[in-house]
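If you want the building blocks of each chain, they are given just below.
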Amino acid sequence: MADNPRQPKLMTGAQMVVASLEKLGVDVVFGLPGGAIMPTYDPLMDSEGVRHILVRHEQGAGHAAEGYAVATGRVGVCMATSGPGATNLVTALYDAYLDSVPMVAITGQVGASLIGTDGFQEADIRGITMPITKHNFLITRAADIPLALAEAFHIASTGRPGPVLVDIAKNAQQETTEFRWPKQYDLPGYKPTLRPHSRQIKEATTLILEAERPVLYVGGGVAKAGAAGELARLVDITGIPVVTTLMARDVFPDDNPLAMGMPGMHGSVAAVGALQRADLVFAVGARFDDRVTGRLDTFAPMAKVIHADVDPAEIGKNRVADVPIVGDARLTLTRIADALEGKKLPDISVWVEQLQEMRKTYAPGWEEPPAGELSPQYVISRIGALAPDDTVFVTGVGQHQMWASHFLPHRHPRSWLTSGGAGTMGYCVPAAMGAQIGRPEATVWGIDGDGCFQMTNQELVTCALNGIPIKIAIINNNVLGMVRQWQNLFFDKRYSHTDLHSDQYPDFVKLSEALGCVAFRVTQADEIDATIRRANEINDRPVVVEFVVHKDAMVWPMVAAGASNDDIQIARGMAPDWGEQAEDEAVGAAGSGEED
Amino acid sequence: MTSTHILSVLVVNRPGVLTRVAGLFARRGYNIESLTVSPTNDPQVSRMTIGVDVDSPSTLEQIVKQLNKLIEVHKIIELEDSAVTRELVLVKVRSDLENRSKIVDTVGLFRGKAVDVSHESITIEATGGREKLEALIKMLESFGILEIVQSGRVAVNRGASALAAKSSRNGS
């Protein structure tokens, strides 16, 4: 390669892909090669800046890129070949789309002359992923590669983050032409609004200064914006109680007296109660998802709403906002805090005490399991208690995910990875792998279910071969627990096809050992702490601990799908006692009685 | 009760953009009432005129916001009720020597014209707003319509203001 800047640098498209990734500061790519991406894999072998992690399934590459992105705040990158290689990324792209994870997927495509002929491993991956990517490209000329990759990273990481797919035809990878790194983007239709409008900030401030029962409803947007510090400052100034959605459990420490926990279908009574009885809901980076609101027309019935989000389409989508604020969560929280600093704020101590009382009375808990059986909630809380302070927690999807949300210690930003919007079973193992690569100094604990684990555990081989010492706790209850819980409650206990018989097959210890891990099985309560401690000490290999737990443990509290959040149950048929005062206020302000 | 609104959308002139716009409507359950796409005076930019049926103003707001999120969409405006809208219709009518002049007379009232004629048929071309074209078709029905093909709407606001693309480059 000529170093003389006056001479054009001639490169193949494949070399341009690698050179572009280097210029963009990419340090790791998760992928699996195949025919249509082979030209790019060739120069990748020589790259000094970009490390490649060879996964065992492309879905693993996608979730690993997500895990890397959420744990580090940088763009996660995955790579696959055309056809089935590319379609195996679809679930991860969709997951990243719903949870706004910055990710770039590079896929090989058949040569441009074969496109449209149903050539071997040709798939219209651009068409397939259009509804589940923030944007995507099909590149058929080498000269277009640097600009497309630069734009892909820009789009993925700015505004509301999301996945971007760049599909590159094989001939474009093979052609030789001049490498020009773009000085500017060609994106006239893409200008995210980051600075909140002053008038809206002022209106929001006025509402906060008038509110008697305000609550901060904090979502994943605050995590994505890296705005935990700004949130903490606003809470310091105002003393407003905080509910953190599933996606934002790590942005406000649970041990803060103003932390009310997670709202929604399996939320804490304090968080649900705070929203239902608030006179002002200040939503930041949250999107009024149905799992949070329950029946929308009865959600937070007395509240005015300030809705701040970087995506204007989220504002007013589900709930009308009295004050809409379009902008980056960090800038918005800063501006609001600046505006309120030094102002005389209303006394909301009665409201705060009421919620704190509720938090104490109805702290999420669990019933003791039958004698001799392990309680999954206890297991998860012990993992949290014994984990080092810098631990990153990753979950699968289902009951164990809800328990992990409630019972793990949530202290630091970028330490909680979970599949929220999509609810992707199989997320845990590969996402934990990506997080560990992004944060090699941190301890990474994955809390997975026996169902989820059987979807993507092959990535433990990748971990073993690359010295990625993630720790996976399989909460083995033998069944697809969350589905079984619904069958228990709403399908007359007809457990249709939810019994996985995980007590028979697979033998998780043998399987994990075969995959290159150290593995333990825990069946007795007195073994729990010692085994977790041993797992914490192993740092050169992945560790799997199978906890054989009680099958019928349930996730409480719960609001049934489609029901009002007012009908939250703390156990089967048991509603919380909201207290007379709260009840009177609710009736008075809503102007109608509540059903019992 | 649904109401129809007309959106004028400037988009990048690249393959796949129509799929993306149409796909967005399909995925989110919005109904396209009419859609035309055509070049503009800027070869980089195409203009879509989209008629949408919505049941509430908030649905229209969502459609505009979601369209705005597409990277290829430069600009969207909702046209005013007073906008000039036109459609083109070609109607093939059963016709013989006897009634041919009657048909041509009728069409003349709508400032349409005959563009093809045979022993058994006559094909009429007309342009105008939807109501006018509906009235013309109603008049022709009595002669026996063999075939109708109608374009989507094209529309533009009245007055001097024009829909121009945003400046075409961002800084990096």
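Small disclaimer: the values here were computed from a predicted structure and weren't measured.

Definitions and cut-offs
Residues numbered from 1 in each chain as written. Chains lettered and ligands numbered in written order. Predicted model: local features only at pLDDT ≥ 70, side-chain atom pairs only at ≥ 80, totals over all residues. Heavy atoms only, no water. Helix = DSSP H or I, 4+ residues; strand = E, 2+ residues; numbered from the N terminus. Rg over C-alpha atoms; globule rule 2.2 N^0.38 Å. Buried < 20%, exposed > 50% of the residue type's maximum accessible area, 1.4 Å probe, protein only. Contact = heavy atoms within 4.5 Å. Areas by Shrake-Rupley, 256 points an atom, 1.4 Å probe, with all protein chains shown as cover. Lys, Arg positive; Asp, Glu negative; His and termini not counted. Charge placed at Lys NZ, Arg CZ, Asp CG, Glu CD. UniProt positions renumbered as here; feature names shortened; annotations may be inferred. Domains from an automatic or database assignment. Buried area = accessible area lost by both parts, 1.4 Å probe. Salt bridge = Lys/Arg side-chain N within 4 Å of Asp/Glu carboxyl O. Polar contact = N/O pair within 3.5 Å; in protein donor to acceptor, adjacent residues only side chain to side chain. Core = buried A, V, L, I, M, F, W, Y, C linked by side-chain atoms within 4.5 Å. 1 Å grid on protein atoms, 1.4 Å probe; cavity = no way out; pocket = protein on both sides within 12 Å on 5 of 7 lines; lining within 4 Å. Points joined across faces, edges and corners; volume = space filled by probe spheres on them. Nonpolar A, V, L, I, M, F, W, Y, C, P; charged D, E, K, R; others polar. Pairing = 2+ DSSP bridges.

### Observations regarding the overall build of chain B
In step 1: Tallying secondary structure elements over chain B gives four helices and nine strands in all.
In step 2: Each helix and strand of chain B, ordered N terminal to C terminal, gives the series β-α-β-β-α-β-β-α-β-β-α-β-β.
In step 3: Over its C-alpha trace chain B gives a radius of gyration of 19 Å, far above what one expects of a compact globule, namely 16 Å for 172 residues.
In step 4: For chain B, the spread of C-alpha atoms along the three principal axes comes to 70 × 40 × 30 Å.
In step 5: Taken across its 172 residues, chain B has 40% of its residues classed as buried.
In step 6: Contacts in chain B between residues far apart in sequence, at least 24 positions, make up 74% of those at least 6 positions apart.
In step 7: Accessible surface, chain B: about 9,700 Å² in total, of which carbon and sulfur atoms supply 52%.
In step 8: Mean positive and mean negative side-chain charge positions of chain B (22 and 20 charges, respectively) differ by 8 Å.

### Things to note about the UniProt feature "domain: Thiamine pyrophosphate enzyme central" (unreviewed entry) in chain A
In step 1: The sites that carry the UniProt feature "domain: Thiamine pyrophosphate enzyme central" (unreviewed entry) are, in the present numbering, residues 201-335 of chain A.
In step 2: Regarding residues 201-335 of chain A, the helix share stands at 34% and the strand share at 17%, and the terminal C-alpha atoms are separated by 7 Å.

### Structural notes on the domain arrangement of chain A
Residue and element names in this part refer to chain A.
In step 1: Domains assigned within chain A are domain 1 (10-178), domain 2 (198-362) and domain 3 (376-548).
In step 2: Between the C-alpha centres of domain 1 and domain 2 there is a distance of 37 Å.
In step 3: At the interface, seven residues of domain 1 touch six residues of domain 2.
In step 4: Of the roughly 540 Å² buried where domain 1 meets domain 2, counting both sides, 58% is carbon and sulfur surface.
In step 5: On the surface where domain 1 and domain 2 come into contact, there are two salt bridges.
In step 6: In this structure, Glu 314 engages Arg 160 in a salt bridge whose closest nitrogen and oxygen atoms are separated by 2.8 Å.
In step 7: Seen at the junction of domain 1 and domain 2, the total is three residue pairs in polar contact (both at pLDDT 80 or more).

### A closer look at the nonpolar core
Across soluble globular proteins, nonpolar side chains show a tendency to be buried alongside one another.
Residue and element names in this part refer to chain A.
In step 1: Ranked by internal contacts, the top residues of the largest apolar core, which has 66 residues, are Leu 216, Tyr 217, Val 281, Phe 282, Ile 306 and Ile 336.
In step 2: Among the elements that line this core, the one with the most residues is helix H12 (residues 269-277), at six residues.
In step 3: Ile 336 has contacts with Ile 201, Ala 204, Ile 208, Leu 234, Phe 282 and Ile 325, leaving out every residue within four places of it along the chain.
In step 4: Judged by nonpolar contacts, the second largest core, of 49 residues, contains Ala 69, Cys 78, Ile 468 and Cys 517.

### Notes on empty space enclosed by the protein
Residues and elements named next belong to chain A.
In step 1: Applying the stated criterion to the full structure yields five cavities of 30 Å³ or more.
In step 2: Each pocket or cavity is described by its volume, and for the largest cavity that value is around 110 Å³.
In step 3: Lining the largest cavity are Val 70, Asp 99, Val 101, Ala 223, Lys 224, Met 247, Asp 250, Arg 414, Trp 416, Leu 417, Thr 418 and Tyr 427.
In step 4: Put simply, the parts of the chain that give the lining of the largest cavity at least two residues each are helix H10 (220-224) and strand S15 (416-417).
In step 5: When its residues are assigned to classes, the lining of the largest cavity shows seven nonpolar, one polar and four charged.

### Comments concerning the pattern of salt bridges
In step 1: One pass over the structure, following the stated rule, counts 26 salt bridges over all chains.
In step 2: Asp27(A) is paired through a salt bridge with Arg74(A); the nearest N and O atoms lie 3.2 Å apart. Highlighted residues: Asp27(A) in the loop between helix H1 (13-23) and strand S2 (28-32) and Arg74(A) in the loop between helix H3 (58-72) and strand S4 (76-80), separated in sequence by 47 residues.
In step 3: Here the salt bridges share partners, and the residues they tie into one network are Arg160(A), Asp311(A), Glu314(A), Lys317(A) and Lys69(B).

### What to know about the sheet that holds strand S16 (residues 444-449) of chain A
Residues and elements named next belong to chain A.
In step 1: A sheet is described by the order of its strands in space; here six strands give the open sequence S15-S14-S16-S17-S19-S18, paired in parallel fashion. Edge positions in the sheet fall to S15 and strand S18 (518-522), since each of these pairs with one other strand and no more.
In step 2: Judged from the four bridges that link them, strand S14 (residues 392-395) and S16 form a sheet pairing that is parallel. Within S16, the residue paired with Thr 395 across the bridge is Ile 447.

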